[in-house]
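Listed below, chain by chain, are the residues.
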Amino acid sequence: MDRNTVIGFGLLAVLFIGYFYYSRQGQLDFETQKQAQIDSINRLKPQVDSSTLQNTQQPAPPIFNAENSDIMQDSGGTEKNIEIETALLKITFTTKGGQPSKVQLKNYQTFDQKPLVLQDGQNNSLSYPINIGSNKTAQTGDLLFTPSTVEVLPDGSKSISFFLQGKEGEKIVHQYVIPDSSYMIGFHIGLTGGNRLLTQNVINLIWKAQAKQQEKDIEWETQQSHVAFVENGEYDFEQLAPGKSDMKKFEEPVEWVALKQQFFATAIVAKTKFSNADVRWEVPADTSKGIVATTTANLRLNVPATSQAEVDLQLLYGPGDYKILKSYGNQMFNMVPLGSGIFAFVKYINRGFVMPVFNFLTSHIASYGLAIALLTIIIRLLISPLTYQSYLSGAKMKVLKPEIDSLKEKHGDDKQTFGMEQMKLFRSAGVNPLGGCIPAVLQIPIFFALYNFFNSNIDLRGQSFLWATDLSSYDSIYNIPFAIPFYGSHISLFTILAVVTSLLISLYGMSNMQDTGNPMMKYMPFIFPVILLGVFNKLPSSLTWYYTVSNVITLLIQFVIQKYIINHEKILSQLEANKKKPKVVSKWQQRVNAMQEQNKKLQTMQQKAKAGGRK
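Residues numbered from 1 in each chain as written. Predicted model: local features only at pLDDT ≥ 70, side-chain atom pairs only at ≥ 80, totals over all residues. Heavy atoms only, no water.

### Some remarks on the overall build of the protein chain
Quick reminder of the rule: In this text, helices come from DSSP runs of H or I with a minimum length of four residues, and strands from runs of E with a minimum of two, each type numbered from the N-terminal end. By the convention used here, residues are in contact when the closest approach between their heavy atoms is within 4.5 Å. Accessible areas in this description were obtained via Shrake-Rupley with a 1.4 Å probe; residue shielding takes into account the shown protein chains only.
Each helix and strand in the protein chain was counted, giving 16 helices and 24 strands. Sequence separation of 24 or more characterises 66% of the internal contacts of the protein chain that already satisfy a separation of 6 or more. Put simply, the protein chain shows about 29,600 Å² of open surface, and 56% of that area lies on carbon and sulfur atoms.

### Observations regarding the packing of helix α7 (residues 368-382) against helix α11 (residues 444-456)
Rules: Fitted lines through C-alpha atoms give the axes, limited to the stretch in contact for helices. The angle between two N-to-C directions lies from 0 to 180 degrees. We call two directions roughly parallel when the angle between them is under 35 degrees, roughly antiparallel when it is over 145, roughly perpendicular when it lies between 65 and 115, and oblique otherwise. We call a crossing left-handed when the near helix sits turned anticlockwise from the far one by less than a right angle, and right-handed when that turn is clockwise.
In contact at an axis separation of 13 Å, α7 and α11 are set at 165° when each is read in the N-to-C sense. The angle between α7 and α11 falls in the class roughly antiparallel. Crossing of α7 against α11: the hand is right-handed. In this structure, α7 uses I372, L375 and I379 to contact α11, whose residues at the interface are I446, L450 and F454.

### A few points about the environment of A209
Note that A209 resides in strand β14 (residues 202-212). The residues contacting A209, other than those within four sequence positions of it, are N123, N124, L259, T266, A293, T294 and T295.

### Things to note about the pairing of strand β21 (residues 291-302)
Consecutive side chains of a regular strand alternate in pointing toward one face of the sheet and then the other. The line we're drawing: Whether a residue is buried, partly exposed or exposed follows from its accessible area with a 1.4 Å probe, protein chains only, as a fraction of its type maximum: under 20%, in between, or over 50%, in that order. Strands were regarded as paired on the criterion that DSSP finds at least two bridges between them.
Of all the 12 residues making up β21, 10 are buried; the element is thus mostly covered by neighbouring parts of the structure. As judged from the 11 bridges shared by β14 and β21, these two strands associate in the antiparallel manner. Residue pairing for β21: W207 is matched across the bridge by A297. For strand β20 (residues 276-282) and β21, the ladder comprises seven bridges, and the chain directions are antiparallel. Bridging from a neighbouring strand, N276 pairs with R300 of β21.

### Here's the deal with a nonpolar patch on the surface
Our working rule: Patches in this entry comprise residues that are over 30% relatively accessible and not in a salt bridge; like charges within 9 Å are linked, as are nonpolar side chains (Val, Leu, Ile, Met, Phe, Trp, Tyr) within 5 Å. Only one rule defines a salt bridge in this text: a Lys or Arg side-chain nitrogen within 4 Å of an Asp or Glu carboxyl oxygen.
Side chains of L466, W467, I477, Y478 and L497 sit close together on the surface and give an oily, nonpolar patch of about 490 Å² of accessible area. By secondary structure assignment, the location of W467 is in the loop between α11 and β23 (478-484).

### Regarding helix α6 (residues 346-364)
Cut-off, in case you're wondering: Given a helix with a known number of residues, its expected span is that number minus one, times 1.5 Å. We define the bend at each residue as the angle formed by axes fitted to the 7 residues ending at it and the 7 residues starting at it.
The end-to-end C-alpha separation of α6 is 26 Å, in line with the 27 Å expected for 19 residues at 1.5 Å each. The axis of α6 is deflected most strongly, by about 35°, at V354, and proline P356 appears within four residues downstream. Of all the positions in α6, only V346, K347, N350, V354, M355, V357, F358, L361 and T362 are classed as buried. Check the buried side of α6 and you find it contacts α5 (322-326), α7 and α11.

### What about the sheet that holds strand β3 (residues 89-94)?
Pairing in this open sheet of four strands is antiparallel, and the strands run β2-β3-β4-β5 from one edge to the other. At either margin of the open sheet sits one strand with a lone partner, and together these are β2 (81-85) and β5 (115-120). The sheet shows a mean angle of 20° between the axes of neighbouring strands, taken without regard to direction. Inspection of the sheet shows β3 paired to strand β4 (residues 99-109) by six bridges, in the antiparallel sense.

### Structural notes on the pattern of salt bridges
Tallied over the full model, the rule gives nine salt bridges. For R300, the salt bridge is made with D278, and the minimal N-O distance between the two is 3.4 Å. Of this pair, R300 sits in strand β21 while D278 is found in strand β20, placing the two residues 22 residues apart along the sequence. Side by side, R300 and D278 carry an identical accessibility label, which is buried. What you see here is one network of salt bridges that share partners, running through D217, E219 and K538.

Okay, structure coming up:
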């Protein structure tokens, strides 16, 4: 391992740490001006009572009576719940607002093995204002609809409708179509006399969604969650930050808006697009109530100014599964964070290689831990040429070390001359001084691709391996009764193994490294493994298991290459042969040499001038 190789791994460490910090901090570094605007807007909004974060849904009487309203509500006068169950979902509809009130995903459970409910309570709702009389308006979410019976359609889907009737023939219909094998629900709004029910033929739809804790570590779940949307045909998202509230205003047409948790999503879709919208979200600083975020979106839909009008929407309650979301054909697959920000390009590595290979392995291997190990072996084999080139470059530099030391001794403090002579030595021997650094840097996209892949792959959720009970979360062999700064309150064994194997790699590399005389070079290889102890402790055990296996393979490859493949005597003879070959100097190199010579002459003249001045 030479100096440039160490620099390469040091650069890798810096990028790792920077990326982890960026991922964990989310969007905390907002500009001061933007934050001031957000704070001023929030002060004008009604504050949310923290008690409403609990599920306090109770039957309530209608707030508008037939005596002071042109809208005739359900004659029963009390809220009714209707449950519909499919192969994937269990949905409870309420007559108050004619909307879903509770949604359970049947094929998933929470981290503590309870039913996984994506929507439940008054912070999850659909509502829009309507005219109920002269200068009177009401939210549909406060009115009692009359339900129809559940109908089974020819394709196996189930349908239910809710009605509101006006005294002058106005009518509102909310129809829901729930496919038996899809997480996307059809939501159809039918309006009769919409010009009397609506103001300016616009539905100002208020969509509320609250994400509750589904994973073991709610802080990590929050950091992996975001608000996603497609505006003017382009997908984008806003990262959630713990204890941070924010908002976004859309000026262009919006196709859909979603609250995406780490592994699950709730979304509303407009087939004809919302004309414009705004969305705000609140992320509690106190995670003890188990709330990840609460989102409110104001979505505007233009309605034809006709006696009969229809609006087609869709509601998504489902897993953040890439294949499932891609089947909807509306860019929802982008919600799965396989790469974003400055490292967005790594998502193509995940989509084009990592995911297909991993899915193939898991389709033939029952153990996800073994599949990860095999994936690691495959990746290491593919990048083995880079690994070999890195070690070969280190071996060449080691062979040239005596000549480099001789140049240092010859030129003393004249660093410019030493640099020129050193580059001449490298060129004559056919050695690239960055040969050990470049292979390490080229592996960075693979590391970041796998970091995103293991953090977002829902298939790992609930999968056990060895002592890890859930490969999508950290493994813990002991819970510490207090939190250690920059480390946490638990001990992850896979993290310890990853750190130990990283240290072994560093120690082995140091044993093959010539003494450079620079104390920092002696300690730099140890810095990264120590930092890993704190950074990796909260990461998914699938990632730390991958890193452990990768390190073990690196140790084996390093030993085999150093002991049995690289022949130092052969390298020395090859370098000597390279020195004897006639060198063809490019025009660019000629210009560089000329500049170096000119700088050397200028430096010599300046030194002579200074010496003459002293006399």
